Amino acid sequence: MEIKTKAKIFRISGPVVVATGLNARMYDLVTVGEEKLMGEVIQINRDKTIIQIYEETTGLRPGEPVENTGAPLSIQLGPGLLSQIYDGVQRPLPELQRLKGDFIARGATAPALDENKKWEFKATVKEGTTVSGGDILGTVQETKFITHKILVPPKKNGKIKKIESGKFSCKEPIGTFESGEKLFLSHKWPVRTARPVKEKLLPQIPLITGQRILDTLFPIAKGGTAAIPGPFGSGKTVIQQQLAKWSDTEIVVYIGCGERGNEMTEVLTEFPELRDVKTGAPLMQRTVLIANTSNMPVAAREASVYTGMTIAEYFRDQGYGVSLMADSTSRWGEAMREISSRLEEMPGEEGYPAYLAARLAEFYERAGRAVCLGSNEKRIGSVTAIGAVSPPGGDFSEPITQNTLKITKVFWALDAKLAQKRHFPSINWLDSYSLYTKGLSAWYIENIAPDFNEVRATAMKILQQESSLQEIVQLVGSDALPEKEQLVLEIARLIREGFLQQNAYHEVDSYCSLEKQYAMLKAIIKYANLAQRALENGTTVSAISALNCKSKIAKMAFVAEKNFESELKKVENEMESEFKNVSG
Amino acid sequence: MREYKTISRVTGPLLFIEKTHPVAYGELVEINLGDSIKSGQVLDTSEETVIVQVFEGTAGIDRQSIVKFTGKTIKLNCSKEMMGRVLSGLGKPLDNGPEIIPDQQLDVNGQAINPFARAAPKDFLQTGISTIDEMNTLVKGQKLPIFSGFGLPHNEIALQIARQARVDGGFAVVFAAMGITNEEAQQFIMDFEQTGALKRTTIFLNLADDPAVERLVTPRMALTAAEYLAYTHQMNVLVILTDMTNYCEALRQIGAAREEVPGRRGYPGYMYTDLASIYERAGLIKGKTGSVTQIPILTMPGDDITHPIPDLTGYITEGQIVLSRELHRNGIYPPIDVLPSLSRLMNKGIGKEHTREDHRASSNQLYAAYAEGRSLRGLAAIVGEEALSERDQRFLAFAKEFETVFVQQGNKENRSIVETLNIGWKLLALLPQNELTRIDDSIIEKYSKELGLLFFKPKAKEEPEVEKIHVISQTTGSNSSEAQPQDNNKAKTEKQQSKNSEKKSKKQKIKKRK
């Protein structure tokens, strides 16, 4: 005779609950207690199951029931995601406010996608076709500029018995398989499992951001990974907004993971006001926000990065380019540490769990450019992951920063000192690096200019020389240097002020096309070469720097793209004639 | 309500009780010692053992003590009557007044504000202290901590802010003291009484000899009271929490007693989350006129700003006000060092609509000029003030005046923002007008006319600006003085090196401590 044991709570310690008699697999989602709080199985020890709870556990008692949903923590993917604001486990925050008021009450739930909203579905497959995971069933025009492609969930396949166009909500079936299984506009996916792709591609195309220091000096590839450290007051928010605004990706996923409530409010109030430059529509129409502030439950914070990543992957599977920003991954790491210490696990470095590096690597590995699953149309999508780190005490040797740098290929070193000097974007050109420059060089040669990579290398060399000269200058003053080296300082300054600095609030300067970037840098190098020659012919540095063309070069950033070519010609001509005059 | 006599173990502030009925996590517990009753809270509960942290300390508890589980969580009796009262760290009256008759009983842990329901803070809050109002402006709904050190007058500043804080629509103050001495507490109460501020203030007192565990509840009590006043009675509430360092020590103490795996410097790994659950209770809610603004005060152990307490605090709060021991030694009150201080929400609360159009630019200019003056001090110490160029001497003089005129003010001196801005302008006039590169010329024009400013005029001559040390080497001919600049350089590099090595040794120290 089978005895059915009822699962119940055995022990409660903060966000960690131990249940007995529960038949569950790892990472299964369970509901705990009378209030049915959401939790996730994170350890199994004989008949004891250890669960992390996504909500405040005060008031729970041993003996209260525990139920297994039988599935891992999953989120709903379908039309209605765009412009939504979710918490770490995909509860829609505006809806929660409407239902429960200004504070997040316990046990509150709301469907992630509005169940009553009807979408105009256009079927693109015919009845009787055999489809498999990732195939497009049809489309929904979700916002004015984003067409949501309705996919066959990965791992599903079959022959379509019935499918029709028309108005459907996410609850109503749009068709059925021969097997009788119903098809819907949305499907569920477990957040901790990467969505499959057909083939991962090498990152060979740059993500164009229109920011000169990023695109030219430290480019990130589509599908690449980058880390930004965010010390206090270094202008991190502006950079993130610029990336969201100008990157040539269609979808933006922003994860506010354990950050300040008021900062999140800033994002929530400013993003809807930002206009998409290409379409003029609000940027929110192609954005999904995940907001899990520092005082919201720690387990949901831990889950929030996975929730965001899964949404990003879902849009990638539709063939879109997605940029994912996680702010900040340090808070995520700390959430892991907190839960790990509740589990009394053996700690690794600084109390972080030993699996910290593995988790970070797993997360960043889900980024990438790939051929999407699906047989009826070849699509290429990408997820570019940009993670902010907040090293405690500004100490980069701490485990999260170190382990992040080990995986990410680009490092944009935001520097508070530069920000104080009003140098924006305040990315330090000496500390930053990009490992994609080599892989992308072919693309630059083919699409921009054959000597693009040499021009970049020359600029970097000058900046490098400047920094070593600066040390001497601080001691003896720049006048004490030989003329040749004074010239290097002059040119480096021109690169810094005329090229690296970029005004995010200037109408023209906010975005700079790659062609213009190249031409600007090339003009500076040309100036450098002419100046070099003039110097060799006996002209003094002060005479060279007094030339009119220098300030013209410095102001090229503010010339509109459409006038740029003619303006550049003028500047170049002026440069040549002026140098001819000084060198006699 | 069931009672038990099954205490199996007592360690530090913790009780282990066996064979109970299912006890709720976070439940309030009473422990009857026969002659007195102590209270506590459930920290960990299972079918076998319940762990209780005792607020009043475990002295006197034995295995015969009777433990009663109340079935309730910790709640605070809230009503408007709280104003003008002095309560204990657990919310019991300390002023011989009557118990508070509750209008609402609220869970002290509160709930997280839905990020979507938050409104962005942007209303200027005047503290009457120049260094805060002009340089590190506080806005309604912000959390701006004061980073202090032992022996610095942070409590005096806190009291001054509590007395002087003004915002449109009136103000209430909730003052939570954690682990302060009896003497300090009496001074606080006296000050509040004398200045008449007490009637709009609620004070929660947890003294140094009160049990450490009680400290964990005190700030939550205070914030619950603040939220009640803000969101039920639409008041603007300023919460002052002093001293958060004592709070964190208590947190560490409990962690150690529970034999938890410690994080940095022995503080528990969840300290960030725990602190966030306090600091994040500041803010504004859309559609509500009340607000909660927080000024937590903490003393940095060893004046070390990278210590976990200030560090984690800085990551949650929106900026920090840093006190300087050097200014304090020079007799300057309030000894606020504006250079490392920061208010992240400042830009939202200043300018034409909030304070005055010149606020942003002139505060930037003051900051830049003071920073320059301060960095010149090091140099002046080596080469002597006379050796500096006239321009540099002006900056040195400016930095000095800035400290003695702008930073320095009486602890009863309540400056309006207009007064503060005008003092700033008078100081800027010590500099040549062309040095004010961060202010628009039209604004300089306007205010120099309005305030009758006469900007410093450099004596005619001066070669175009040259690196200063270079000037010396050019103007001095003799061998002996030619050696001087080199020595300077040497001294400078040596200084730098020693600084570096200092840093290094500090780092090593930190490592060793770990």
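Residues numbered from 1 in each chain as written. Chains lettered and ligands numbered in written order. Predicted model: local features only at pLDDT ≥ 70, side-chain atom pairs only at ≥ 80, totals over all residues. Heavy atoms only, no water.

### Structural notes on the overall build of chain B
Across its full length, chain B holds 15 helices and 19 strands. Intrachain contacts of chain B at a sequence separation of at least 6 include 73% that bridge at least 24 residues. Only carbon and sulfur atoms are counted for the fraction: they give 49% of the accessible area of chain B, which is about 21,700 Å². (Helix = DSSP H or I, 4+ residues; strand = E, 2+ residues; numbered from the N terminus. Contact = heavy atoms within 4.5 Å. Areas by Shrake-Rupley, 256 points an atom, 1.4 Å probe, with all protein chains shown as cover.)

### Looking at the overall build of chain A
Looking only at helices and strands, one finds 16 helices and 26 strands in chain A. For 584 residues, the compact-globule formula gives about 25 Å, and the C-alpha radius of gyration of chain A, at 28 Å, lands near that figure. When burial is assessed residue by residue, chain A has 60% of its 584 residues classed as buried. Restricting the contact set of chain A to residue pairs at least 6 apart, pairs at least 24 apart contribute 70%. If you sum the accessible surface of chain A, you get close to 23,200 Å²; carbon and sulfur atoms cover 51% of it. One way to put it: in chain A the 72 positive side-chain charges average out to a point 4 Å from where the 71 negative ones average out. (Rg over C-alpha atoms; globule rule 2.2 N^0.38 Å. Buried < 20%, exposed > 50% of the residue type's maximum accessible area, 1.4 Å probe, protein only. Lys, Arg positive; Asp, Glu negative; His and termini not counted. Charge placed at Lys NZ, Arg CZ, Asp CG, Glu CD.)

### Notes on the pattern of salt bridges
Summed over all chains, the structure comprises 54 salt bridges over all chains. Note that Lys526 of chain A is salt-bridged to Glu576 of chain A, the shortest N-O span being 2.5 Å. Residue Lys526 of chain A is located in helix 13 (residues 514-536), and its partner Glu576 of chain A is located in helix 16 (residues 561-582); the two are separated by 50 residues in the primary sequence. Connected through shared salt-bridge partners, Glu259, Arg260, Glu263, Arg331 and Glu334 of chain A together with Arg344 of chain B make up one network. (Salt bridge = Lys/Arg side-chain N within 4 Å of Asp/Glu carboxyl O.)

### Some thoughts on empty space enclosed by the protein
The full count for this structure, using the stated rule, is four cavities of 30 Å³ or more. Roughly 110 Å³ of volume is contained in the largest cavity. Around the largest cavity, the lining comprises 14 residues; the ones closest to its centre are Arg337 of chain A together with Arg264, Pro268, Pro308 and Leu312 of chain B. When contributions to the lining of the largest cavity are tallied by element, the ones reaching two or more residues are helix 6 (329-342) of chain A together with helix 6 (271-279) and helix 7 (308-316) of chain B. Here the lining of the largest cavity is built from residues that sort into eight nonpolar, two polar and four charged. Space inside the second largest cavity adds up to approximately 60 Å³. Looking at the second largest cavity, the residues that line it are Thr237, Gln240, Tyr254, Gly256, Glu259, Arg260, Glu263, Met264, Val267 and Asp327 of chain A. (1 Å grid on protein atoms, 1.4 Å probe; cavity = no way out; pocket = protein on both sides within 12 Å on 5 of 7 lines; lining within 4 Å. Points joined across faces, edges and corners; volume = space filled by probe spheres on them. Nonpolar A, V, L, I, M, F, W, Y, C, P; charged D, E, K, R; others polar.)

### Quick word on the nonpolar core
All names here are of chain A. Formed by 91 residues in total, the largest nonpolar core has its most connected members in Trp412, Ile495, Tyr527 and Phe579. Taken together, domain 3 (199-436) and domain 4 (452-582) each give at least three residues to this core, which thus spans both. Excluding anything up to four places from it in sequence, Phe579 contacts Tyr527, Leu530, Ala531, Ala534, Ile544, Leu547 and Cys549. Counting residues in hydrophobic clusters, the runner-up holds 73 residues, among them Val18, Ile75, Val383 and Ala385. (Core = buried A, V, L, I, M, F, W, Y, C linked by side-chain atoms within 4.5 Å. Domains from an automatic or database assignment.)

### Examining the domain arrangement of chain A
Residue and element names in this part refer to chain A. Domain parsing of chain A yields domain 1 (8-72), domain 2 (114-185), domain 3 (199-436) and domain 4 (452-582). Using C-alpha coordinates to define each centre, domain 3 is positioned 33 Å away from domain 4. Here domain 3 and domain 4 share an interface that buries about 2,000 Å² over both sides, 61% of which is from carbon and sulfur atoms. Summed over the shared surface of domain 3 and domain 4, the result is one salt bridge. For the salt bridge of Arg212 with Asp509, the shortest nitrogen-to-oxygen distance reads 3.1 Å. At the boundary of domain 3 and domain 4, one finds 14 residue pairs in polar contact (both at pLDDT 80 or more). Secondary-structure elements contributing two or more residues to the side of domain 3 that touches domain 4 are helix 2 (212-217) and helix 3 (236-246). With five residues, the top contributor of residues to the side of domain 3 that touches domain 4 is helix 2. Counted by class, the side of domain 3 that touches domain 4 contains eleven nonpolar, six polar and three charged residues. (Buried area = accessible area lost by both parts, 1.4 Å probe. Polar contact = N/O pair within 3.5 Å; in protein donor to acceptor, adjacent residues only side chain to side chain.)

### So, the packing of aromatic side chains
All names here are of chain A. Tallied over the full model, the rule gives 20 aromatic pairs over all chains. Look at Tyr444 and Phe452: their rings are 4.4 Å apart centre to centre, the planes differ by 10°, and that puts the pair in the stacked class. The same class applies to Tyr444 and to Phe452, which are both buried. Among the aromatic residues, those joined into a cluster by ring pairs are Tyr306, Trp332, Phe363 and Tyr364. (Phe/Tyr/Trp six-rings, centres within 6.5 Å; stacked < 30°, edge-to-face > 60°.)

### With respect to the packing of helix 6 of chain B against helix 7 of chain B
Residue and element names in this part refer to chain B. Look at helix 6 against helix 7: their axes get within 10 Å of each other, and the N-to-C directions meet at 55°. Relative to helix 7, the element helix 6 lies oblique. Here the hand of the crossing between helix 6 and helix 7 comes out right-handed. Counted together, Met271, Tyr272, Leu275, Ala276 and Tyr279 of helix 6 and Pro308, Ile309, Leu312, Thr313, Tyr315 and Ile316 of helix 7 form the full contact between these two elements. (Axes fitted to C-alpha atoms, helices over the stretch in contact; angles between N-to-C directions. Parallel < 35°, antiparallel > 145°, perpendicular 65-115°, else oblique. Left-handed = near helix turned anticlockwise from the far one by under 90°.)

### As for unusual backbone geometry
Residues apart from glycine generally show negative phi values, whereas peptide bonds are mostly found in trans. Put simply, Phe424 of chain A and Pro425 of chain A share a cis peptide bond, and its omega is -10°. Along the chain, Pro425 of chain A turns up in the loop between helix 9 (416-420) and strand 26 (433-434). Pro334 of chain B follows Tyr333 of chain B through a cis peptide bond whose omega is -10°. For Pro334 of chain B, the location among the structural elements is in the loop between helix 8 (325-329) and strand 19 (336-343). Here Asn96 of chain B, not a glycine, exhibits a phi torsion of approximately 60°, which is positive. With respect to the secondary-structure elements, Asn96 of chain B resides in the loop between strand 9 (86-88) and strand 10 (104-107).

### Focus: the interface of chain B and chain A
Facing 65 residues of chain B, the contacting portion of chain A comprises 65 residues. Buried area between chain B and chain A, both sides added, is near 5,700 Å², and the carbon and sulfur share of it is 53%. The largest share of the area that chain B buries against chain A comes from Tyr25, Phe116 and Tyr315 of chain B, three residues that together contribute 13% of it. Seen at the junction of chain B and chain A, the total is six salt bridges. Two residues, Arg61 of chain A and Glu27 of chain B, come together in a salt bridge whose shortest N-O distance is 3.6 Å. At the boundary of chain B and chain A, one finds 26 residue pairs in polar contact (both at pLDDT 80 or more). Every element with two or more residues in the side of chain B that touches chain A is listed here: strand 5 (37-46), strand 7 (66-73), strand 11 (118-119), helix 6, helix 7, helix 10 (359-383), helix 14 (468-475) and helix 15 (479-513) of chain B.

### What to know about the sheet that holds strand 12 (residues 147-151) of chain A
Residue and element names in this part refer to chain A. Reading across from one edge, 12-11-9-14 is the order of the four strands in this open sheet, with antiparallel pairing throughout. Of all the strands in the sheet, just strand 12 and strand 14 (166-168) have a single pairing partner and so form its edges. The sheet shows a mean angle of 40° between the axes of neighbouring strands, direction not considered. (Pairing = 2+ DSSP bridges.)

### Side note on the side chain of Arg91 of chain A
Within the secondary structure, Arg91 of chain A sits in the loop between strand 8 (85-86) and helix 1 (93-100). Excluding residues that lie within four positions of it along the chain, Arg91 of chain A makes contacts with Glu55, Ile85, Tyr86, Leu96, Ile104, Ala108 and Thr109 of chain A.

### Looking at the confidence of the model for chain A
For chain A, the average pLDDT comes to 89, and 98% of its residues sit at 70 or higher. Across chain A, the secondary-structure element scoring lowest on mean pLDDT is helix 9 of chain A, at 78, and the one scoring highest is strand 25 (residues 410-411) of chain A, at 96. (pLDDT = per-residue confidence, 0-100.)

### So, the sheet that holds strand 13 (residues 157-163) of chain A
Read from one edge of the open sheet, four strands run 10-13-15-16 (chain A), paired in antiparallel fashion. Whereas interior strands pair on both sides, the edge strands pair on one side only; in this sheet they are strand 10 (130-132) and strand 16 (182-183) of chain A.

### Some words on the environment of Ser13 of chain A
Here Ser13 of chain A lies in strand 1 (residues 8-13). C-alpha of Ser13 of chain A to C-alpha of Gln52 of chain A: the two residues are 39 residues apart in sequence and 9.9 Å apart in space. Here Ser13 of chain A is in contact with Arg342 of chain A together with Tyr25, Leu43, Asp44 and Arg258 of chain B, once residues within four sequence places are set aside.

### With respect to the side chain of Asp509 of chain A
Assignment of secondary structure puts Asp509 of chain A in the loop between helix 12 (483-500) and helix 13. Apart from the residues within four sequence positions on either side, Asp509 of chain A is in contact with Arg212, Gln501, Gln502, Asn503, Ala557 and Phe558 of chain A.

### Some details on the environment of Pro62 of chain A
Position of Pro62 of chain A relative to the elements: it lies in the loop between strand 5 (48-53) and strand 6 (66-72). Of the residues examined, Pro62 of chain A reaches a relative accessible area of 3% and is grouped as buried. Between the alpha carbons of Pro62 of chain A and Leu268 of chain A there is a distance of 39 Å; along the sequence they are 206 residues apart. Once you skip the residues sitting within four places of it in the chain, Pro62 of chain A turns out to touch Ile9, Phe10 and Ile12 of chain A together with Pro22, Val23, Thr45, Ser46 and Glu47 of chain B.

### Overview of the pairing of strand 4 (residues 37-45) of chain A
Residue and element names in this part refer to chain A. Across four bridges, strand 3 (residues 28-32) lies against strand 4 in antiparallel orientation. When the sheet's bridge partners are listed, Thr31 is paired in strand 4 with Met38. Here strand 3 hands over to strand 4 after four residues, with Gly33 in that stretch at a positive phi of 80°. Across six bridges, strand 4 lies against strand 5 in antiparallel orientation. Across the sheet, Ile44 pairs through a bridge with Thr49, a residue of strand 5. The antiparallel pairing of strand 4 with strand 5 creates a hairpin that spans two residues between the two strands, and Arg46 there sits at a positive phi of about 50°.

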